[in-house]
Amino acid sequence: MDIPEPDLHEGSILVEAIAVGVCGTDVEIVEGKYGWAPHGQTHLVLGHESLGRVIDPGLSAGFKKGDLVVGIVRRPDPVPCSNCAVGEWDMCSNGQYTERGIKEINGYMSERWRIEPEYAIKIDPALGILGVLLEPATVVAKALEQVKFIGRRSYWEPRTLVVTGAGPIGLLAALFAKMYGMDVHVLDRMESGPKPDLVSELGATYHSGSIMDLDFEPDTIIECTGVGQVISESIQKLGANGILCLAGIGHGGTVRSVSLANVAASAVLRNNVIFGSVNANKRHWYKASQFLAKADRKWLSKLITRVERPENFMSALERKPDDIKVVIQFSGI
Ligand SMILES: [Zn+2]
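What you see as residue numbers is a count from 1 along each chain, following the sequence as written. Note on the predicted model: pLDDT of at least 70 is required for a residue's local features to be given, and 80 or more for side-chain atom pairs to be given and counted; whole-chain, interface and lining totals, by contrast, use all residues. By convention in this description, side-chain values take in all heavy atoms of the structure and omit both hydrogens and water.

Engineer: Before we go on, may I ask you to explain the coordination of the zinc ion in this structure?
Structural biologist: For a metal bound by four donors in tetrahedral geometry, the ideal donor-metal-donor angle is 109.5 degrees, whereas six donors in octahedral geometry ideally sit at 90 or 180 degrees. Taken together, the protein donors to the zinc ion comprise D77 (OD), C81 (SG), C84 (SG) and C92 (SG), at separations of 1.9 to 2.3 Å. Each metal's donors are the N, O and S atoms within 2.8 Å of it, or within 3.2 Å when it is Na, K or Ca, and because water is not part of the set, sites may look incomplete. Positions of the donor residues of the zinc ion, expressed as sequence spacing, correspond to D-x3-C-x2-C-x7-C.

Following this line, the structure appears as structure tokens:
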């Protein structure tokens with residue numbers, strides 16, 4: 001669609017889009033299963049995994065023309081709840097937060113967009129187009145931080161971390177956990193394609209079978225599939241004092257021949273914590289940008305498996321078997 005130039009009230013920094021990542025949430029919004037247009041409007045501009053170049057920094061002293069920036073997605077609710085009031089909008093407790101490209105504010109999938117300086121994250125220019133991976137990386141930075149916080153409830157020296165699902169979030173979780181020095185294992189259904197190689201290049205171990213087949217009990221599991229069977233088996237496989245982070249969103253599906261009470265008993269008897277994690281606040285955006293800047297760029301670049309032009313957006317929304325991260329590129333880097 002032709003849409004008006006971004007309005008100054010959307011932020012004092014004017015940005016030219018370089019690329020926007022596509023994820024499952026975008027597909028759900030297009031299918032009408034999720035997402036909200038801005039109040040009084042019938043359309044929502046998609047795009048929450050942004051990367052752009054500053055055209056006009058406005059009056060903001062911290063930015064200059066040519067800076068590469070990524071826009072934070074969530075905005076605190078207007079009340080605000082106590083979490084949003086202290087900048088922890090990822091933990092918003094009243095659900096009235098808004099999100100660019102998802103909930104009531106237009107996203108970044110347009111040739112130009114504006115952003116408030118406090119919600120723009122400047123990235124290392126050496127990252128180039130890889131900056132588009134920052135948003136999924138923030139989800140991982142938050143999940144791993146939460147695991148660390150929860151671990152402090154007792155004396156805990158986690159060594160093994162299992163990731164279920166080798167999508168962008170799972171692979172970035174494996175990368176960051178390796179950077180923390182952990183023994184990392186990644187499970188996925190795929191037996192070929194780029195995923196097994198990406199995992200072994202990290203120095204992590206790839207498994208295409210069930211988590212029940214592992215010959216050890218993990219200290220930490222980052223569950224990225226949202227599949228009932230995988231979640232149930234993850235709880236049963238988790239080691240003593242282990243922590244299971246649910247980071248994937250699934251859709252229905254039933255788990256056969258498992259008694260919920262038995263699964264719960266296993267968690268009780270081993271002091272397990274099972275928790276959900278979504279979104280990220282500015283602290284996680286900052287941490288993730290530091291992680292990405294330190295990561296191996298050649299490896300990161302292999303996560304972007306397909307680049308589409310804006311006019312081929314429909315193809316970008318299609319899921320192909322070897323896709324990891326699909327990106328719509330608006331302009332050259
Ligand atoms: Zn809130």
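Engineer: I would appreciate a short explanation of the pattern of salt bridges in the present structure.
Structural biologist: Note on pairing: side chains with opposite charge can pair once their charged atoms come close. In the sections that follow, a salt bridge refers to a side-chain nitrogen of Lys or Arg positioned within 4 Å of a carboxyl oxygen of Asp or Glu. Scanning the entire structure with this criterion turns up 19 salt bridges. Measuring nitrogen to oxygen at the nearest pair gives 3.5 Å for the salt bridge that ties K287 to E145. Separated by 142 residues along the polypeptide, K287 in helix α8 (residues 282-294) and E145 in helix α3 (residues 134-151) bring together distant segments of the chain. In this scheme, a residue with accessible area under 20% of its type's maximum is buried, one over 50% is exposed, and one in between is partly exposed, where area comes from a 1.4 Å probe on protein chains only. For K287, a relative accessible area of 26% puts it in the partly exposed group. Among the residues examined, E145 registers a relative accessible area of 4% and is labelled buried. Residues joined by salt bridges that share partners form a network here, namely E88, E145, R283 and K287. Counting from the N terminus, the helices are the DSSP runs of H or I reaching at least four residues and the strands are the DSSP runs of E reaching at least two.

Engineer: Just checking my understanding: could you explain the environment of Y108 for this structure?
Structural biologist: With respect to the secondary-structure elements, Y108 resides in the loop between β6 (104-105) and β7 (112-115). According to the relative accessible area criterion, Y108 is buried, its value standing at 0%. For Y108 and A166, which are 58 residues apart along the polypeptide, the C-alpha to C-alpha distance reads 26 Å. Setting aside residues no more than four positions away along its own chain, Y108 makes contact with A17, V20, L46, G47, H48, S50, G71, I72, R75, R100, W113 and I115. Here, residues are in contact when the closest pair of their heavy atoms is within 4.5 Å.

Engineer: In this structure, what is going on with the packing of aromatic side chains? I would like to understand it.
Structural biologist: Between 30 and 60 degrees the pair is tilted, below 30 it is stacked and above 60 it is edge-to-face, where a pair is any two Phe, Tyr or Trp rings, Trp via its six-membered ring, whose centres lie within 6.5 Å. Scanning all chains against the criterion turns up five aromatic pairs. Measuring from ring centre to ring centre gives 4.3 Å for F176 and F291, while their planes differ by 15°; the resulting arrangement is stacked. Linking F176 in helix α4 (residues 168-179) with F291 in helix α8, this pair joins segments that are 115 residues apart in sequence. An angle of 75° between the planes, with centres 5.4 Å apart, marks the rings of Y180 and F291 as edge-to-face. With Y180 in the loop between α4 and β10 (183-187) and F291 in helix α8, this pair connects stretches of sequence that are 111 residues apart. What makes Y180 partly exposed here is its relative accessible area of 42%. Taken together, F176, Y180 and F291 form an aromatic cluster joined through their ring pairs. The side chain of R74 reaches across the aromatic face of Y97, ending 3.5 Å from its centre. Sitting above the plane of the F291 ring, K294 keeps its charged end 5.9 Å from the centroid. Sitting over a ring, as applied to charges here, requires NZ of Lys or CZ of Arg to be within 6 Å of the ring centre and within 35 degrees of the ring normal.

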